[in-house]
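So you can see what is in the structure, the chains are spelled out below.
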Amino acid sequence: MSDLMSQVIKSFASEEQLALRAPADFLAILPLEQAVASGIDGRLSPGDSWTLRSTSVDFQMQGVESGQLVRLSLATGPLPSPGQLYVVESVSGNAISIRRMGQPGGVGQPPAPLSGLEEVEFLIVTFMPQLVQSSEDVASRLGLASVGGALCDPIRDTHTVRDLTILKVLYQLYEAASLRSESEIDGYSRLSMHFQAEYNDRLSRLVSSCGSGQPAAEAGRVIRYLTRLSR
């Protein structure tokens, strides 16, 4: 979304924006414990390849929402393991409309050929708990009253707080992934440290630029936050 202020009640960033920031291996760090829906009976019908249907899962009843991420995969064929990531566009009972990340609905290569696909494995996860927590932390460190609080002049562009929110979530996700996977521990650790270093650097520079425009007590509170950045 270009106008993030429509999301500030919950988060400075969307789940789609989070995934777009780390497209290479994002599928490997999906929080499986935060699955909203999953199954192996997904169907993409001929002539309607942007709609995923399931006979076993009522997506609406299980709390699937637009904006959540869905991984589609098959043992072989056009969606081989680990699959491809899409965004939920709309939900209606046992069906969800999906689209490619960063694109409007119906744009790009469909997830299925014209003949459709059967027995598609799907996994829908949510990163909103991490995004909300990260947004609240970023707001606090910048001296904002809340996630929807007024921004100081240097961060009138909400892309700045969006990026900080995303960086914080990413370094935590990669750190968690390094603990789960012995084979990828070094790679995930390096990515975690990379995103954490960028987060700390950008936050430090932003607090410095905002501090002079805030009341002394408020600016001091932000600086104290910087002295105890935590994971």
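Visitor: Residues and numbers for the overall build of the protein, please.
Guide: Broken down by element type, the protein carries five helices and six strands. Along the chain direction, N to C, the helices and strands of the protein fall in the order α-β-β-β-β-β-β-α-α-α-α. For the protein, the residues scored as buried account for 48% of the 231 residues in total. For the protein, the share of sequence-separated contacts (at least 6 apart) that also reach a separation of at least 24 residues comes to 72%. For the protein, the exposed surface amounts to about 11,300 Å²; the carbon and sulfur share of it is 52%.

Visitor: A description of the side chain of glutamine 17 should follow, citing residues and the corresponding values.
Guide: Topologically, glutamine 17 is positioned in helix H1 (residues 15–21). Residue class for glutamine 17 comes out buried when judged on its relative accessible area of 10%. Only 2.9 Å separates the side chain of glutamine 17 from the backbone nitrogen of serine 14, close enough to count as a polar contact.

Visitor: Could you give me a rundown of the sheet that holds strand E4 (residues 84–92), with the residues and numbers involved?
Guide: The pairing of strands in a sheet comes from backbone hydrogen bonds and takes either a parallel or an antiparallel form. On the basis of which strands lie adjacent, the closed barrel formed by six strands has the order E1-E2-E5-E4-E3-E6 and antiparallel pairing. Each neighbouring strand pair of the sheet contributes to a mean axis angle of 40 degrees, computed without reference to strand direction. By the bridge criterion, six bridges tie strand E1 (residues 35–45) to strand E6 (residues 117–125) in an arrangement that is antiparallel. Note that in E6 the partner of alanine 35 across the bridge is valine 125.

Visitor: Describe the nonpolar core, with residues and values.
Guide: Counting residues in each nonpolar core, the largest one holds 35 residues, and the members touching the most others are Leu18, Phe26, Phe127, Leu142 and Leu170. Looking at which element gives the most residues to this core, the answer is helix H3 (residues 159–180), with ten residues. In contact with leucine 18, other than residues within four places in its own chain, are Phe26, Phe127, Ile166, Val169, Leu170 and Leu173. Counting residues in each nonpolar core, the second largest holds 20 residues, with Val36, Ala37, Leu52 and Phe122 among its members.

Visitor: Outline the pairing of E4, supporting the account with residue identities and numerical values.
Guide: As paired elements, strand E3 (residues 69–73) and E4 share four bridges and run antiparallel to each other. Within the sheet, the bridge partner assigned to arginine 71 lies in E4 and is leucine 85. Across six bridges, E4 lies against strand E5 (residues 95–100) in antiparallel orientation. Among the inter-strand pairings, valine 91 is bridged to a residue of E5, identified as isoleucine 96.

Visitor: I'd like to hear about the confidence of the model for the protein, residue by residue, with values.
Guide: Confidence along the protein averages 78 in pLDDT terms, with 74% of residues attaining 70 or more. The least confident element of the protein, judged by mean pLDDT, is helix H5 (residues 216–226) at 37; the most confident is E5 at 96. Scored below 50 in pLDDT, residues 1–9 makes 14 contacts in the model with residues more than four places away or belonging to other chains.

Visitor: Explain the pattern of salt bridges residue by residue, including any values.
Guide: Summed over all chains, the structure comprises nine salt bridges. Salt-bridge contacts for aspartate 137 lead to lysine 168; the nearest nitrogen and oxygen are separated by 3.5 Å. With aspartate 137 in helix H2 (residues 128–141) and lysine 168 in helix H3, the pair connects residues that are 31 residues apart, well separated along the chain. In this structure aspartate 137 comes out as buried when scored by relative accessible area, which is 16%. Exposure remark for lysine 168: the relative accessible area of 5% places this residue in the buried category. With its nearest N and O atoms 3.0 Å apart, the salt bridge here joins arginine 162 to aspartate 163.

Visitor: So what about the environment of glutamate 119? Which residues, and what values?
Guide: Along the chain, the position of glutamate 119 falls in strand E6. Distance in space between the C-alpha atoms of glutamate 119 and glycine 42 is 5.3 Å, their sequence separation being 77 residues. Dropping the residues within four chain positions of it, glutamate 119 is found in contact with Ile40, Gly42 and Leu74.

Visitor: Can you tell me about the packing of aromatic side chains, naming the residues and giving the values?
Guide: Inspection of every chain in the model, using the stated rule, returns five aromatic pairs. Relative to tyrosine 199, the ring of tyrosine 171 has its centre 5.8 Å away and its plane inclined at 55 degrees; by these criteria the two rings are tilted. Of the two residues, tyrosine 171 is situated in helix H3 and tyrosine 199 in helix H4 (residues 185–211); the sequence distance between them amounts to 28 residues. Taken together through their ring pairs, the aromatic side chains of Tyr174, Tyr188 and Phe195 make up a single cluster.

Rules and cut-offs
Residues numbered from 1 in each chain as written. Predicted model: local features only at pLDDT ≥ 70, side-chain atom pairs only at ≥ 80, totals over all residues. Heavy atoms only, no water. Helix = DSSP H or I, 4+ residues; strand = E, 2+ residues; numbered from the N terminus. Buried < 20%, exposed > 50% of the residue type's maximum accessible area, 1.4 Å probe, protein only. Contact = heavy atoms within 4.5 Å. Areas by Shrake-Rupley, 256 points an atom, 1.4 Å probe, with all protein chains shown as cover. Polar contact = N/O pair within 3.5 Å; in protein donor to acceptor, adjacent residues only side chain to side chain. Pairing = 2+ DSSP bridges. Axes fitted to C-alpha atoms, helices over the stretch in contact; angles between N-to-C directions. Core = buried A, V, L, I, M, F, W, Y, C linked by side-chain atoms within 4.5 Å. pLDDT = per-residue confidence, 0-100. Salt bridge = Lys/Arg side-chain N within 4 Å of Asp/Glu carboxyl O. Phe/Tyr/Trp six-rings, centres within 6.5 Å; stacked < 30°, edge-to-face > 60°.

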